[in-house]
Amino acid sequence: MAKNKNNQAIWNTRIKKQSSLFQKIGNSIDIDKRLYKEDIAGSIAHVEMLFKQKIISFKIKNKIIYGLNKIEKEILKNKFEFNKKYEDIHMNIEKRLFQIIGDEAGYVHTARSRNDQVITDLKMWMKSATKEINKQIDKILKSTLKVAEKNIETIMPGFTHLKNAQPISFAHYLMAYVEMFSRDKKRFFNNLESLNENPLGVAALTGTSFNIDRYYTTKKLGFKTPTNNSVDTVSDRDFVVDFLYSVSVCSMHISRVAEELIIWNSDGFNIIKLSDKVVTGSSIMPQKKNPDLLEYLRGKSGITYGNLFSMLTILKGLPLSYFKDLQDDKEIIFKSYDTIINCLKIFDEILKNFSPNKNKMLELANNGYITATDLADYLVKNHTMSFREAYQKTAAIVNLAEKRNKKLEELDINELKKIEPKLTNEVLKIFDLKNSINSKKSYGGTAFDNIKKMILKYKKQL
Ligand code: ARG
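Keep in mind the model is a prediction, meaning the values are calculated, not measured.

Attention now goes to the overall build of the protein chain. Counting its regular elements, the protein chain contains 18 helices and six strands. For 462 residues, the compact-globule formula gives about 23 Å, and the C-alpha radius of gyration of the protein chain, at 31 Å, lies well above that figure. For the C-alpha atoms alone, the extent of the protein chain along its principal axes is close to 100 × 55 × 40 Å. The 462 residues of the protein chain split such that 50% are buried. Counted over contacts in the protein chain with a minimum sequence separation of 6, partners at least 24 positions apart contribute 76%. Of the roughly 23,300 Å² that the protein chain leaves accessible, carbon and sulfur atoms contribute 52%. The centroid of the 76 positive side-chain charges in the protein chain is displaced by 4 Å from the centroid of its 54 negative side-chain charges.

Looking now at the side chain of K61. You can see K61 is positioned in helix α4 (residues 58–76). For K61, which is buried and forms no salt bridge, the nearest opposite charge comes from E48, at a distance of 5.4 Å. Other than its neighbours up to four places away in sequence, K61 contacts V47, E48, F51 and I56.

Further remarks concern the pairing of strand β2 (residues 163–169). Sheet topology places strand β1 (residues 155–160) next to β2; six bridges connect them, and they run antiparallel. If you follow P157 over to β2, its bridge partner there is P167. As consecutive antiparallel partners, β1 and β2 are separated by two residues, and within that stretch H161 has a phi angle of approximately 55 degrees, a positive value.

On the surface, K70, K73, K77 and K79 cluster together into a patch of positive charge. Note on placement: K77 falls in the loop between α4 and α5 (89–101). Looking at K77, the relative accessible area reads 55%, which means it is exposed.

Moving on, we get to the site of the ligand. Contacts to the ligand come from S28, D88, R114, N115, V118, Y322, Q327 and K330. One of the side-chain nitrogen or oxygen atoms of N115 is found 2.8 Å away from a nitrogen atom of the ligand. When the ligand sits alone it has 340 Å² of accessible area, and the protein chains cover 85% of it. The biggest single contributor to the shell around the ligand is helix α6 (residues 114–150), with three residues.

So, how was this worked out
- Residues numbered from 1 in each chain as written.
- Predicted model: local features only at pLDDT ≥ 70, side-chain atom pairs only at ≥ 80, totals over all residues.
- Heavy atoms only, no water.
- Helix = DSSP H or I, 4+ residues; strand = E, 2+ residues; numbered from the N terminus.
- Rg over C-alpha atoms; globule rule 2.2 N^0.38 Å.
- Buried < 20%, exposed > 50% of the residue type's maximum accessible area, 1.4 Å probe, protein only.
- Contact = heavy atoms within 4.5 Å.
- Areas by Shrake-Rupley, 256 points an atom, 1.4 Å probe, with all protein chains shown as cover.
- Lys, Arg positive; Asp, Glu negative; His and termini not counted.
- Charge placed at Lys NZ, Arg CZ, Asp CG, Glu CD.
- Salt bridge = Lys/Arg side-chain N within 4 Å of Asp/Glu carboxyl O.
- Pairing = 2+ DSSP bridges.
- Patch = residues over 30% accessible without salt bridge, like charges linked within 9 Å, V, L, I, M, F, W, Y side chains within 5 Å.
- Near = heavy atom within 4 Å.
- Polar contact = N/O pair within 3.5 Å; in protein donor to acceptor, adjacent residues only side chain to side chain.

So, in structure tokens, the structure goes:
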């Protein structure tokens, strides 16, 4: 067995004079020390399997596990010295294992390589990270549902092109966010399928001649099945891309909602109010209350997309199997994870600290001939004409209202009759905003009853 002199990297038996510059920058310990728990759990499962398969003795297995547990405690108590010289978390731990239990530590790396070790650690870490993200998304969903529940009958203009389109319930808008974040949750959840494939045991790239039991470590480490092909396993980072993509989509959703709330909070719109908890002041303009946190959220998608593209670019054209290029995956993942967790937490804070400006919403909803489509629909239903004909008649009515500088409901019935003689006073009820909203009873539409049912459905799920 190679002697392990304290001052050397473990693989330093043949490489004597590595450039000090590379030693300084080629290590990843500052990043991948975050995987220590998974690395230790992976090693413990590995040696238990080696013992079960009669590859190592009972005594050695126990010694190694004793050492690994001790190392974990040292790390937890901040008593472990992470050393850049030993490159990464795997080597730092193995090195310390030698110091604690002596040369028998040399058995821990039987039938494995850092190539399978690192992705085993990473996949385990990402499984927990995925669950944590989904927990945070659940909080967002709950907070959104709470605001929605209180605002079923809050009327606002629904927008297309940021122009008033049709009256809508504010809760219906909020329930759109519930859909978006539920899809995010599903996307993260679906990633668990590939994260549940255990890489441990494929060794450097070919598998191993030792009689290992990959199903045993799979079960021990909470995976579902071992990966199928050793070359693919050490080369594959699709699961990283999937994760980064899911983070990107989630942060894109947050960014869109943030932008929407920034617009609604602007002095021009003024249809929502942010509490002091989530605004900042200006260093020069004393009157200002700025939606800085929302802007933070809007901007962060730039970071998460960048991370996704970094990883895709690293992988582009990279032949099989393992290359050092892949080492950067972890830094990228950790950054994206930290970013999305922060964003989700801040977004939850926003959801708990904003309220609709109901009067202003209603006032805005009364502008822009917002019930024109309702009128066209009414003409189709009651006057047996095609939708296109009704559309044209309604456009003429809107033109008239615009010319007279009146709202639709303020037009004189005799004037309306000039455009469509069959119209009676009854048409005026069509211009009622609440009526309009409640007429949208089609599945997924904004009628109050629909929203109530949808809120209930999601509340039951959570
Ligand atoms: N720190 C390395 C990484 O993150 C571990 C794998 C090293 N393997 C190797 N053959 N150099 O990718």
